[in-house]
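Examining the three-dimensional arrangement
Below are the chains, spelled out letter by letter.
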Amino acid sequence: MSGNTVKVDITVNGEQTSADVEPRLLLAHYLRENVGLKATNIGCDTTSCGACTVLVDGESVKSCTVLAVQTDQRSVTTLEGLSPEGGELHPMAKAFREEHGLQCGFCTPGMVMAAVSLIEENPNPTERDVREGLEGNLCRCTGYHNIVRAVLAAAGQDPDAEQKREAESDASRTAPGFSTGGAGA
Amino acid sequence: MIPVAFDYERPDTVDAALALLAEHGEDATVLAGGHSLLPVMKLRLGAPELVIDIGRLADLNYIRVEGDEVAIGAGTRHRDLEASEVLATEVPLLPAVARTVGDPQVRHRGTIGGSLAHADPASDLPAAVLALNGTVVLRSARGERQVPITGFYTGVFSSVKEPDELIVEVRVPRTGAAGWAYEKFTRRSNDWAIVAVAVVDGRVGLVNMGPTPLRASATEAALAEGASIEDAAALADQATDPPADTAATREYRRHLARLLTKRALTTAAGV
Amino acid sequence: MSIMGTRVVRVEDPVFLTRGATYTDDLTDERLTGALHLTLVRSPLAHARITAIDVEGAREAPGVVAVITGADLDLPPALLFPAANKAMVRPWLATDVVRFVGEPVAAVLTEERYQGPDAADLVAVDYDPLPAVIDLKAAASDEVLLFPEAGTNTALGFGVEDAFDETLFDGCDVVVTREIVNQRLAAAPLETRAAAAVWGDDGRVTIFCSSQNAHIARDEIAGWLGVEKDTVHVILPDVGGGFGAKIGADPEFALVAALAKRAGRPVRWSESRSENMTGMGQGRAQLQTVTIGGSRDGKVQAYRIDVLADAGAYPRLGTYLPAFTRMMAPGTYDIPKVESRARVLVTTTTSTVAYRGAGRPEATAAIERAMDLFAAEIGMDPAEVRKLNVIAPEKFPFVTQGGVEYDSGEYAKAIERAQEAAGYAELRAEQAARRERGDARQLGIGVSSYVEITGGGAFAEDAAVEVHPDGTVTVLTGTSPHGQGHATAWAMLASDHLGIPIEKITVKHGDTDLIPRGSGTMGSRSLQTGGVAVYQAAGELVELAKQRAADLLEANVDDLEVDKSNASIVVKGAPGSKSVTFAQLAEQEKLAVSTTFDSKKPTFPFGAHVAVVEVDVESGKVTVERIVTVDDAGPVVNPLLAEGQRHGGIAQGISQALLEEVVYDEDGNPLTATFADYGFPSAAELPSFELVDQATPTPINPLGAKGIGEAGTIGATPAVQSAVVDALSHLGVRHIDMPTTPLRVWEAIQAASKGAK
């Protein structure tokens, strides 16, 4: 029978945290229960939904599929670490708000963190790049339309132009008219 | 869900890891990126008594040219394969295949050694290494051996790797300018392949067409004898034993193997 | 300038984007201090007799406080849907028989979260397997009964007493009939089900839970527990998506409350996704037989739909939804003769509940498929057939053969505008060219015309608006948002009357002690009931303020108006004269209004979608290239929010058409019980959406607004399915059941090429 505990020292959002934990403790639970940061959500059991996405040493990972002990001596960033309290929203968070890239908000922390990692690795993504770069994050509310726009906007691109370009890249499209309001009847 | 409790060791050196494996054998499981292992443990389909974390062993993380081959440390992550300039010129198939594994988060954690050791016939990298005629380097406290990938797999989730052995390296030939392609057929972007076909230098690796990754030997032989792509691809499902599931019947998988082989060979030929 | 109709970004977002929302499992409420964690032992078999349950090993496990079985509980089994067959009651923990994989059998309470699954693994249950009932026709045969005491598997019938009219299709040149599967879907909100309960010294229980309707949840839980409604206090924290499957309470919520009482400590529960995929109610699951008849020149004369609907093991709200399917059966069409009936059956599967459209997508999918089959049979363009048969605008209000009165509609115009935006003629030309060339990637174009019913369940809603002396406003609403943005939209509605900026307006909801009544958020009802109530309350508050201000300003009430630039009451046409702000009035005396708006009737949003897909005819793979939608729900309060609702619905429609299906094997084992197996789409499977706006007001409420939450789902599903079939129509393919997976598409092509039907 197992049951040893291991001491971990993990930098979370720039602050030292430390605890004696069971080796099986998932990073997601460490963040939520031990550190008390509840933005990181758990949405599935199979590394599919990405709601638990955080950055480890700057790269996106699914914290439900990482043991807390695996991040011992590492640096973890959660949604709470992006925007300083009482200050300006992080550019990615700001873009999500302005493009209405969130509804119920459950996928949002993971989605935002995945998006931050995405544009870190690819600063000038196309719409296709964004869609494929977010393949590991599921959302049931938004249909992703505005999430994609938000990520493009945060990358300094014009979402309208980028969606139009993606549309016109295909022969079957004849009259793209992507609504961001559009003409009323 | 959460795993059954286990003991945890994080050795500082490969030798220390091998010593632990020698001591605990089948009761121990190696954890690298954890993206094959932890999902299984979370669903409680597996419950090792000891987890040996090799994720910090920096000397398993490299990609370097050695003679006619490229040597890849077993701890090299999919993301590193994807972004490797060495591989982009020497073995361009591998970064392309790595890019199709899971999603970015998975690729930030998963390793080539872990993927090969897991021995999932639906997995991308084993079939790619098979198409490359690669070699798996196994080490244990007893010593080191090199196993051609063609003789590595023995069945679903099983290989010739002994419980005390660790995959330390994967060696693949430098294919350089030889034609290559990877055709992966999925329902959703980050799903496991229903069927996938890796082609490089006239060799064809099949994903999810049997209990292990397979080579389309009949296709390769036909090509060698000068058959057309069309005719050679029509043999791609010979000697396969594809599974049936909700995504595909056996017959549909056979059809996809032929079709994807045709497409991959066509792409590889630059036609 | 009015704030109405403008793209206001959400006031709820800054918190969501910095520290995250607070869902039930996130709660650190002090009332829950020391809470025990509930883990449920669930049945691995679809249908079996329980012969023994051994909990002794589990009781010895670390951290275990109690292991409870059905025999330990003194709660009688409940009829979860009151109109269903009275014998079809669900036990809280199964005692004799389990009827679906995932049914709770034992409850484990532990001190810590991680101890629960360890202990649950030690509960040993012996089962004696019984035959599973999965297929609806098999269920209808009553050969294997889920509830022998019921004597039938039929939970409820709609119109099944009367025989069909043998002469319905007399006089039709063409009659086509077809069996259509509207497959079972998992609701799959990103937040799974969760609840926490604590009993107070006053004998009341406070239940925090993830639900769309606090008051319905309270009433259901009180009923199940056998206590007065006043005994139960329901508080809804932030809710991570509902989509209909979180309407009211789940049986587990009542169990959490019962166990908290028994343990004398708070209890909390948050299910895993694997539990959710078998435990949470699912949607759709109808087997439809449609028959359509008409003339060769394109007029539809008669339509019949015969439904077998799947209730799952224990009838819940899904049992009622075929009523909506019947009601909306004729869709947007003026069909002289329409017949329908539905039989709802129990099977050894997860119960069905409302899901995103709830009975209406099933109606639309059926009639739209039927229109396509009819169009194909007479060789007419599917868009033309639709325009030829839709209800003309001058006929509204229009009483349908479905027995309801449609309020307003411009159905042909919606189709025209969708076609125009899509470039329909050019698309048909491109399709013809690809067919001519024999391309591997063929083009398919699907057109749907839809009308749905919103606000159909509960017509009345309360609202209260209070201006505080500091100039801030509190709005109380009986609706219950879980992503829809009511905090923003309701603030806009109040602000429009008061001129007080939305940043100063707080919208409160989802607490049965704070808000006396409410029906919550479901069926796309919120704006046309709760939103209108807020708008009305703010208007009434202005009148109250004017009366109070009249003395102060020494003017007649009729001469006063609101100066929205500084939230004050002023004398009309007398700039610079005396004024008094709402805040000043509130300082003198509480300035608050409570009101009720009763629409008395539902509304009928409508629209038309055009989907364009590419089908790789060699592999069977379908790619959605475009989706162009006209979704007309009347005037829009906040286009940003309305578009977001449309986007989500469209994605779901595409996904039902192409990807999603809950699958059971013949023994009743779910084969899609994780997100790895269930076809939940990511951004990579979807295109950007092309929205065309249209706004035809309803006379039913002063905003002219209809519901928009489910429109996308209802319109997009048949458009995409139709496009897939259309891409292959030249090969002789007439129908492919959803989801149109690569396997199904490939098999349809194979069958067509062999000359089979």
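Conventions we followed
- The residue count restarts for each chain, going from 1 along the sequence in the order it is written.
- For this description, chains carry letters from A and ligands carry numbers from 1, given in the order in which they are written.
- Per-residue local features of the predicted model are confined to residues with pLDDT of at least 70, and side-chain atom pairs are confined, for both listing and counting, to 80 or more; whole-chain, interface and lining totals are unaffected and use all residues.
- Note that water and hydrogens are dropped before the side-chain values are worked out from all heavy atoms of the structure.
- The helix count covers DSSP runs of H or I at least four residues long, the strand count covers runs of E at least two residues long, and both are numbered beginning at the N terminus.
- All radius of gyration figures rest on C-alpha atoms, and the globule criterion is 2.2 Å times the number of residues raised to 0.38.
- Under the scheme applied here, a residue whose accessible area is under 20% of the maximum for its type counts as buried, over 50% as exposed, and between as partly exposed, the area being computed with a 1.4 Å probe on protein chains only.
- We call two residues in contact when some of their heavy atoms are within 4.5 Å.
- Residue-level accessible areas treat just the shown protein chains as cover; the underlying method is Shrake-Rupley with a 1.4 Å probe.
- Throughout, buried area stands for the accessible area (probe radius 1.4 Å) lost by two parts on being put together, summed over both.
- Any Lys or Arg side-chain nitrogen found within 4 Å of a carboxyl oxygen on Asp or Glu counts as a salt bridge.
- Counted as a polar contact is a pair of N or O atoms within 3.5 Å, where, for protein atoms, one must be capable of donating a hydrogen and the other of accepting one, and residues adjacent in sequence contribute only when both atoms are in side chains.
- Axis lines are fitted to C-alpha atoms, over the contacting stretch for helices. Their N-to-C directions set the angle, which ranges from 0 to 180 degrees.
- Note that the term roughly parallel is reserved for angles under 35 degrees, roughly antiparallel for angles over 145, roughly perpendicular for angles of 65 to 115, and oblique for everything else.
- Should the near helix be turned anticlockwise from the far one by less than a right angle, the crossing is termed left-handed; should it be turned clockwise, right-handed.
- Amino acid classes used here: Ala, Val, Leu, Ile, Met, Phe, Trp, Tyr, Cys and Pro are nonpolar; Asp, Glu, Lys and Arg are charged; the rest, including Gly, are polar.
- Paired strands, as defined in this entry, are two strands with at least two bridges between them according to DSSP.
- Nonpolar core, defined: a set of buried Ala, Val, Leu, Ile, Met, Phe, Trp, Tyr and Cys residues in which side-chain atoms within 4.5 Å join the residues together.
- Stacked, edge-to-face and tilted are the three classes for Phe, Tyr and Trp ring pairs, Trp counted by its six-membered ring, which pair at centre distances within 6.5 Å; planes under 30 degrees apart are stacked, over 60 edge-to-face, the rest tilted.
- Either the NZ atom of lysine or the CZ atom of arginine qualifies as a charge over a ring when it sits within 6 Å of the ring centre and within 35 degrees of the ring normal.
- UniProt positions are given in the numbering used here, feature names are shortened, and annotations may be inferred rather than shown by experiment.
- The residues that make up patches have over 30% relative accessible area and no salt bridge, and they are joined within 9 Å when like-charged or within 5 Å when they are Val, Leu, Ile, Met, Phe, Trp or Tyr.
- A residue counts as positive if it is Lys or Arg and as negative if it is Asp or Glu; His and the chain ends are not included.
- Charge placement uses NZ in Lys and CZ in Arg. For Asp and Glu, CG and CD serve respectively.
- Throughout, the edges of the domains are those of an automatic or database domain assignment.

Some details on the overall build of chain C
Within chain C, the secondary structure is distributed over 18 helices and 28 strands. Relative to a compact globule of 757 residues, whose C-alpha radius of gyration would be 27 Å, chain C shows 27 Å and is just as compact. Principal-axis analysis of the C-alpha atoms gives chain C an extent of 85 × 75 × 50 Å. For chain C, with 757 residues in total, the buried portion stands at 66%. Relative to all contacts within chain C whose residues are 6 or more apart in sequence, the contacts with residues 24 or more apart total 80%. In the form shown here, chain C has an accessible surface area of approximately 24,500 Å², with 50% of it arising from carbon and sulfur atoms.

Some remarks on the overall build of chain A
Check the secondary structure of chain A and you find six helices and five strands. Expressed as a percentage of the 185 residues in chain A, the buried residues total 64%. Counting contacts in chain A only where the partners sit at least 6 residues apart, residues at least 24 apart contribute 54% of the total. Accessible surface, chain A: about 6,100 Å² in total, of which carbon and sulfur atoms supply 44%.

Let's talk about the interface of chain C and chain B
Between chain C and chain B, the contact holds 26 residues from the first and 21 residues from the second. Summing the contributions of chain C and of chain B, the shared interface buries around 2,000 Å²; its carbon and sulfur component is 57%. Looking at the side of chain C facing chain B, the largest losses of area belong to C:Glu618, C:Leu743 and C:Trp746, adding up to 25% of the total buried there. Taken together, the links from chain C to chain B amount to four salt bridges. Taking the shortest distance from any N to any O, the salt bridge between C:Asp118 and B:Arg44 comes out at 2.7 Å. Our enumeration of links across chain C and chain B arrives at 15 residue pairs in polar contact (both at pLDDT 80 or more). Within the residue set of the side of chain C that touches chain B, elements represented by two or more residues are helix H3 (115–120) and helix H18 (742–753) of chain C. A per-element tally of the side of chain C that touches chain B places H18(C) first, with four residues.

A closer look at the packing of helix H5 (residues 214–225) of chain C against helix H6 (residues 251–263) of chain C
Residues and elements named next belong to chain C. One way to put it is that H5 packs onto H6 with a least axis distance of 9 Å and a crossing angle of 60°. By the angle between their directions, the pair H5 and H6 is classed as oblique. Between H5 and H6 the crossing geometry is right-handed. Contacts between H5 and H6 involve Ile 221, Trp 224 and Leu 225 from the former and Pro 251, Phe 253, Ala 254, Ala 257 and Ala 258 from the latter. Split into classes, the residues belonging to the contact of H5 with H6 amount to eight nonpolar, no polar and no charged.

With respect to the sheet that holds strand S7 (residues 154–158) of chain C
All names here are of chain C. Read across the open sheet, the five strands follow the order S7-S15-S14-S13-S8; overall the sheet is mixed. The sheet is open, and its two edges are formed by S7 and strand S8 (174–186), each paired on a single side. Within this sheet the neighbouring strands show an average axis-to-axis angle of 10°, counted without direction. Pairing of strand S13 (residues 282–294) with strand S14 (residues 300–312) involves nine bridges; the strand directions are antiparallel. Within the sheet, the bridge partner assigned to Thr 291 lies in S14 and is Arg 304.

Quick word on the nonpolar core
Formed by 86 residues in total, the largest nonpolar core has its most connected members in A:Phe96, A:Leu134, A:Tyr144, C:Ile654 and C:Val720. Among the nonpolar cores identified, the runner-up in size contains 83 residues, and C:Leu136, C:Ala354, C:Phe396 and C:Phe606 belong to it.

Concerning helix H5 (residues 145–154) of chain A
Two residues of an α-helix separated by three or four positions point the same way, owing to the 3.6 residues in each turn. Of all 10 residues making up H5(A), eight are buried, and the element is well covered by its neighbours. Buried residues of H5(A): A:His145, A:Asn146, A:Ile147, A:Val148, A:Arg149, A:Ala150, A:Val151 and A:Leu152, and no others. Contacts from the buried residues of H5(A) go to helix H2 (91–98), helix H3 (108–121), helix H4 (127–133) and helix H6 (159–168) of chain A together with helix H16 (639–658) of chain C. Of the residues flanking the end of H5(A), it is A:Gly156, one or two places downstream, whose phi is positive at about 85°.

Topic: the pairing of strand S12 (residues 267–270) of chain C
Residues and elements named next belong to chain C. Relative to S12, strand S1 (residues 36–42) runs parallel, the two sharing two bridges. The partner of Leu 36 across the bridge, within S12, is Val 267. Here four bridges tie strand S9 (residues 194–199) to S12, and the two strands are oriented antiparallel to one another. Bridge pairing in S12 places Ala 194 opposite Ser 270.

A closer look at the sheet that holds strand S21 (residues 505–508) of chain C
Residue and element names in this part refer to chain C. Across the sheet, four strands lie side by side as S21-S20-S19-S25; this open sheet has mixed pairing. Here the strands that pair on one side only, and so sit at the sheet edges, are S21 and strand S25 (591–598). The mean angle between the axes of side-by-side strands here comes to 15°, regardless of whether they run parallel or antiparallel. In the packing of helix H13 (residues 486–498) onto the sheet, the strands contacted are strand S19 (460–467), strand S20 (473–477) and S21, and the crossing angle to S21 comes to about 130°. Strands in contact with helix H14 (residues 526–553) are S19, S20 and S25; relative to S25, the strand with the most contacts, it is inclined by about 140°.

Comments concerning the environment of B:Pro95
Residues and elements named next belong to chain B. With respect to the helices and strands, the residue Pro 95 is situated in helix H5 (residues 93–98). Exposure remark for Pro 95: the relative accessible area of 4% places this residue in the buried category. Taking C-alpha positions, Pro 95 is 4.1 Å from Glu 82, a pair spaced 13 residues apart along the chain. If near-sequence neighbours (up to four positions away) are discounted, Pro 95 is found in contact with Leu 81, Glu 82, Leu 87 and Ala 88.

Topic: the packing of aromatic side chains
Between two aromatic rings, the relevant description is the distance of the centres plus the angle of the planes. Residue and element names in this part refer to chain C. Within the structure shown, the criterion is met by 15 aromatic pairs over all chains. A ring pair is formed by Tyr 320 and Phe 324, whose centres lie 5.7 Å apart and whose planes are at 80°; its orientation type is edge-to-face. Feature note: the residues Phe 396, Tyr 406, Tyr 411, Phe 604 and Phe 606 constitute an aromatic cluster, connected by ring pairs. Of note, Arg 304 hangs over the ring of Phe 164, and the distance from its end group to the ring centre comes to 4.4 Å.

Points about the UniProt feature "domain: Aldehyde oxidase/xanthine dehydrogenase a/b hammerhead" (unreviewed entry) in chain C
Look at the UniProt record and you will see "domain: Aldehyde oxidase/xanthine dehydrogenase a/b hammerhead" (unreviewed entry) annotated at residues 19–131 of chain C. Helix makes up 9% of residues 19–131 of chain C and strand 31%, whereas the separation of the span's terminal C-alpha atoms amounts to 50 Å.

Details of the interface of chain A and chain C
Every contact between the two is made by 66 residues of chain A and, on the other side, 76 residues of chain C. A salt bridge links C:Asp26 to A:Arg32; its shortest N-O distance comes to 2.7 Å. Taken together, chain A and chain C are joined by 33 residue pairs in polar contact (both at pLDDT 80 or more). If you list the elements that add at least two residues to the side of chain A that touches chain C, you get helix H1 (27–34), H2, H3, H4 and H5 of chain A.

With respect to a negative patch on the surface
On the surface, B:Glu26, B:Asp27, B:Glu49 and B:Glu162 cluster together into a patch of negative charge. Checked against the element boundaries, B:Glu49 lands in the loop between helix H2 (37–42) and strand S3 (50–53).

Some thoughts on the domain arrangement of chain C
Residues and elements named next belong to chain C. The domains assigned to chain C are domain 1 (1–31 + 193–270), domain 2 (34–130), domain 3 (282–454 + 602–753) and domain 4 (456–598). Taking the mean C-alpha position of each, domain 1 and domain 2 sit 23 Å from one another. Taken together, the contact pairs 19 residues of domain 1 with 22 residues of domain 2. Across the domain 1 to domain 2 interface the summed buried area is about 1,800 Å²; carbon plus sulfur atoms make up 65%. Looking at the side of domain 1 facing domain 2, the largest losses of area belong to Trp 224, Leu 255 and Arg 265, adding up to 31% of the total buried there. Inspection of the domain 1/domain 2 interface yields four salt bridges. Put simply, Arg 113 and Asp 25 hold a salt bridge, and the shortest N to O gap is 3.2 Å. Linking domain 1 to domain 2 there are eight residue pairs in polar contact (both at pLDDT 80 or more). Within the residue set of the side of domain 1 that touches domain 2, elements represented by two or more residues are H5, H6 and S12. For the side of domain 1 that touches domain 2, the leading source of residues is H6, giving nine residues. By residue class, the composition of the side of domain 1 that touches domain 2 is 12 nonpolar, one polar and six charged.

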